[in-house]
Amino acid sequence: MKTHQRFLSAAFLLSVFTYSSLGLATTQTCDSYASLKRMEGQVQLVKANSPFPVRNPELPYALCTGDLVQTVSKAQALISHVGGEVVLAENSRLEVLDADSLSLAEGAALFQIAQREGHRFVAKTPLIVIGVKGTEFLVSSQTARNDVALFKGAVGVERQDGQAMAYFRTKPVSEMSFEEYQAYQKKSFSEYKNSLDQAFNDYKEQQMAEFKAYVSGVDLQTGRQLTLNSDGEKPEAIDAPVNKAVEQLQKQLHLWLE
Amino acid sequence: MGLFKKNGISLLKKHGFYLLGFILLLLTYQLALHPPLIIQSLASALTDDYFHWNKRKPSEKLVFIDIENTSVRAHGRWPWSRDLVAKGVAQLNTAEVIGLDILFSEPTVATHDQALSNAISRLENKVIGGVFLNGPQAETLTKDNAGYQHLLYSSLNRTENAQLIDSQRAEIPITKIREAFPLLAALNTSPDADQKIRHYPLAFWLQDAAIPNMGVQMWRLGHFVDLELNGTQALLGEQPLAVDKKTRARINYYPVGTWQRIAFTELLQPDWDPQRLAGRWVLVGVSEAGVTDMRVTPLGELPGPLIHLTFVSNLLDNSLLTDINGWELLAVLLAVFIFVIFIWQFSQPWLRLLLFFLLGLSIAGIGVAGYAFFNLWLEIFYPLVFLLLTVLVGEVWFFVMSRAETAYLRSAFSSYVAPALVDKLVKQGDELQLGGKRQQLTVLFSDLRDFTPTTELLETEELVSHLNRYFGSMIEEVHRYNGTLDKLMGDAVMALFNAPLADEDHAYHACLAAAGMMQALDAFNLPYSVDDPHYLRMGIGINTGEAVVGNIGAANRFNFTAIGDAVNTAARLESMTKEVNCNWQASKQAGEVKPCETVDIIIGEKTFAAVKDRLPCYPVIGLELKGKLQAQDVWVLDWRKMIAQGRLP
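Residues numbered from 1 in each chain as written. Chains lettered and ligands numbered in written order. Predicted model: local features only at pLDDT ≥ 70, side-chain atom pairs only at ≥ 80, totals over all residues.

1. Section: the nonpolar core
If you look at soluble globular proteins, the nonpolar side chains tend to sit buried side by side.
And step 1. Ranked by size, the top nonpolar core spans 110 residues in total, and within it B:Ile128, B:Ala203, B:Ile211 and B:Val282 carry the most contacts.
And step 2. Sort the elements by how many residues they give to this core and helix α11 (residues 327-344) of chain B lands first, with seven residues.
And step 3. Counting residues domain by domain, this core receives three or more from each of domain 1 (9-48 + 324-408) and domain 2 (58-157 + 169-223 + 256-318) of chain B.
And step 4. Ranked by size, the runner-up nonpolar core spans 58 residues in total, among them A:Leu36, A:Ile79, A:Ile128 and A:Phe137. (Core = buried A, V, L, I, M, F, W, Y, C linked by C-beta atoms within 7 Å. Buried ≥ 20, exposed ≤ 12 C-beta atoms within 10 Å, placed from the backbone. Helix = DSSP H or I, 4+ residues; strand = E, 2+ residues; numbered from the N terminus. Domains from an automatic or database assignment.)

2. Notes on unusual backbone geometry
And step 1. A:Leu59 connects to A:Pro60 through a cis peptide bond whose omega is -5°.
And step 2. For A:Pro60, the position within the fold is in the loop between β2 (43-46) and β3 (61-64).
And step 3. Here the bond from B:Trp78 into B:Pro79 is cis, since omega is 0°, no more than 30 degrees from zero.
And step 4. Tracing the sequence through the fold places B:Pro79 in the loop between α3 (69-75) and α4 (82-90).
And step 5. One non-glycine residue, B:Thr247, adopts positive backbone phi at about 55°.

3. A few points about the confidence of the model for chain B
Residues and elements named next belong to chain B.
And step 1. On average, residues of chain B score 86 in pLDDT, and 91% of them reach the 70 mark or higher.
And step 2. Long-range and interchain partners of residues 1-12, a stretch whose pLDDT sits below 50, account for 27 contacts in this model, where long-range means more than four residues apart.
And step 3. For this predicted complex, the interface confidence score (ipTM) comes to 0.71, while the overall pTM stands at 0.70. (pLDDT = per-residue confidence, 0-100. Contact = placed C-beta atoms within 7 Å.)

4. Remarks on the sheet that holds strand β11 (residues 209-212) of chain B
Residue and element names in this part refer to chain B.
And step 1. Taking strand neighbours across the sheet as the criterion, the three strands line up as β6-β10-β11 in an open arrangement whose pairing is mixed. With one partner strand each, in any of the chains shown, β6 (165-167) and β11 form the two edges of the open sheet. Each adjacent strand pair in this sheet contributes to an overall mean axis angle of 35°, direction not counted.
And step 2. Judged from the three bridges that link them, β6 and strand β10 (residues 203-206) form a sheet pairing that is parallel. By the bridge assignment, Ser 167 is partnered in β10 with Leu 206. (Pairing = 2+ DSSP bridges. Axes fitted to C-alpha atoms, helices over the stretch in contact; angles between N-to-C directions.)

5. Focus: helix α5 (residues 244-254) of chain A
Residue and element names in this part refer to chain A.
And step 1. Turning to α5, its buried residues number three or more, namely Val 246, Leu 249, Gln 250 and Leu 253. Along α5, the residues classed as buried sweep out an arc of 105° about the axis, all on the same side. Seen from the buried face of α5, the exposed residues on the opposite side, beyond 90 degrees, are Gln 248 and Lys 251.
And step 2. On the buried face of α5, the contacting elements are β6 (84-88), β8 (101-113), β10 (128-141), β11 (145-159) and β15 (224-229). (Arc of directions from axis to C-beta.)

6. Digging into the packing of helix α8 (residues 214-223) of chain B against helix α10 (residues 304-316) of chain B
All names here are of chain B.
And step 1. Where α8 contacts α10, the axes come no closer than 8 Å and their chain directions differ by 45°. One finds that α8 runs oblique with respect to α10. Read as a crossing pair, α8 and α10 show a hand that is right-handed. Across the interface between the two elements, Met 214, Gly 215, Met 218 and Trp 219 from α8 touch His 308, Phe 311, Val 312 and Leu 315 from α10.
And step 2. Within the contact of α8 with α10, the residues separate by chemical class into six nonpolar, two polar and no charged. (Parallel < 35°, antiparallel > 145°, perpendicular 65-115°, else oblique. Left-handed = near helix turned anticlockwise from the far one by under 90°. Nonpolar A, V, L, I, M, F, W, Y, C, P; charged D, E, K, R; others polar.)

7. A short note on the pairing of β15(A)
Residues and elements named next belong to chain A.
And step 1. Counting buried positions over the six residues of β15 gives five, a clear majority of the element.
And step 2. Of the pairings in the sheet, the one linking β11 to β15 comprises five bridges and is antiparallel in character. Among the inter-strand pairings, Val 148 is bridged to a residue of β15, identified as Leu 226.
And step 3. Where β15 meets strand β16 (residues 236-241), five bridges bridge the pair, whose relative direction is antiparallel. Residue pairing in the sheet places Arg 224 in a bridge with Pro 241 of β16.
And step 4. The loop that links β15 with its antiparallel partner β16 comprises six residues; one of these, Gly 232, has a positive phi angle of about 95°.

8. Some points on helix α12 (residues 349-374) of chain B
Residues and elements named next belong to chain B.
And step 1. Between its first and last C-alpha, α12 extends 36 Å over 26 residues, near the 38 Å set by a 1.5 Å rise per residue.
And step 2. Taken together, the buried positions of α12 are occupied by Arg 352, Phe 356, Ile 363, Gly 367 and Tyr 371.
And step 3. Among the residues trailing α12, Asn 375 stands out with phi positive, at a value near 55°. (Expected span 1.5 Å × (residues − 1).)

This is the structure in structure tokens:
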């Protein structure tokens, strides 16, 4: 009980010190690795030690470990990080970790990471870890599945828990029969509308994915998209060409990178 | 068969019975997992009294600024003019956290609205305004609505797949007043099936925003920590909160009347001391009866603001309740089941019922103790229902099985034992040891002498009916003296005394039965002359000694019988009667004086020892028993003299 009281009084003191951050926190005392550079729609910026968002942050706004940037629908944010730049899509949440890593807690984001000597940048979601060497890729973290689409450079994808996953690969078009190709074309057109929410198993069937091997990580190639099923199921990953909807999203987010 | 073991339950088919109990357990558990509304209400009604065991007082830190009866008498009916409210609100500035459990959703006189807005603004960043989700005048807020953005700003930031009560619409303060509030919070509660409030929703979905409830928002502001929601896990700063599937915490009510309440009108008095609120967390709300902010709780009606404050106080003194459900409840039910199985081992129904009653009381006691000492909430309804079901089903089963057992005893013994004895057997069922036992008993053997010629002379049908009449009167005599008919073999009768029913004076009673049989035979022979083939002659042997008694045979065909030397000797004594009688008659004709006319009953040594002082017996010296090498002393029992002495009733 005593420690509890001590904790409460410490929390109280802390709250007195940090009071200013409610509504008018602008001064930074932490090591900043990133900054919020641009936003559109309602973007919330929550400091690590605060339950409340920063009211009307002045841009660029320096971000430290544990700080959150979140977007609601129709909102978008550009975060500049020591390692590169990230465009956060709508309904997404990004947490700043340190000089070499960011975590996408929810939603989708386009990462453009510059190659740095002696540094390996890491992007995370609750499910996966993406190791990066100079590249541009899009990450989506949904309840049902995670997606990583690579547009430039190279990334390696592993699960947070290190479990091996069953690795499937879409049948190359050259190996498809004419009927299969027709079916594939038809399906990829319908998939265009609901891509990132699509149930993993539907997607797997649609991609005519063939089992290749059990792997602990996947080195993704440019123009490919890796889709992982959600936690709690038997780990699986599908390697397929980048989805049209993802490509569309990448184009939209990429505009902010130029 | 094992039908006659000492313990109650082992009389029954145990495994099927236990399986039935286990099925009841799973059914009860399913009921607890998905209770229909009526069951929920019943279950809650049983545990609502727990709160009487709460002797805690709400935290000193919390104050309810109450617009109650005296305030209404002083300033007129609610709602008041907002400049009046503004004057009171202005007095709150020494408090640490201020919540307003009042909805300012309609504009009034512009200057009054402005006055309130100004008063709220002067409270700086420590005041929280209320919104009411899904209320009667709630509107759908578009995403670019400033009110929605204000709510979004006030909402929880660290949620992932949070399972919250969903709402699409909200009733929010008018813009002028809303803008004065740094933060907003929900003012909603969530009643149970019976409309009573026992749970406190931590937050609600309003479109994309997780709007914290007033109590949670006060904590966030007061302690500057966020509430993290992940699925149905809730973490308030470092402190995990026990919540249900809708992220509702179970609140622990304090005794009514223990709250620090300050009438709103006191704020407006000239002698108001602002230091009374220094460092406090206050919630301003209405308890005046005319305003519908009274909520039904297990303690009766409580003003809505006190429900928010109860939650906050529970957080402050760490007394939020944790439900015992899921596997924990299953473990409780299993524990009850183990006790029930234990109680089933007792055969006396009154003892079982007493123990079941005590078990029920213990469940209730454990529920209260869990609440009072560990902040655990056990819906004792489910273990009690399970107990009741198992007791009912169990006792019905016991009843049916004991009926079946009675019927069995009757059918199994009524042909061998006197009907009056069968009743006794049934009553004493538990004390009967029919499984096999070595014991002292007296065996009576009777056989007809020279019966083969009779069988040749009589027609078959007449022979059978003649024999049946004869057996009828013999068996009647056996039963009269508490003997058990063991079996009929041809024309012979074997009867046991002292088994299966205990009889201390079994030797004597066997002798009486033998004399009775001789007397009955005399009466049976009365219509016939000595030369008539219908005329029967009988010899009886009686022996007392140790034998093994029990149900002997195969599963479907068995008899209660005795085996052992004592039985064999009795049979041999009987077969001696004819020869001894011949010698006896020869001696008489040779002029020897014999104490009785004929030799019809011969008794063994131990039987003699038991009856020698009471019955007329004469020794037959040096008789050699068939099949037994050693000579044995036997005695003739003079049944005619016994009759003359009036030994037979």
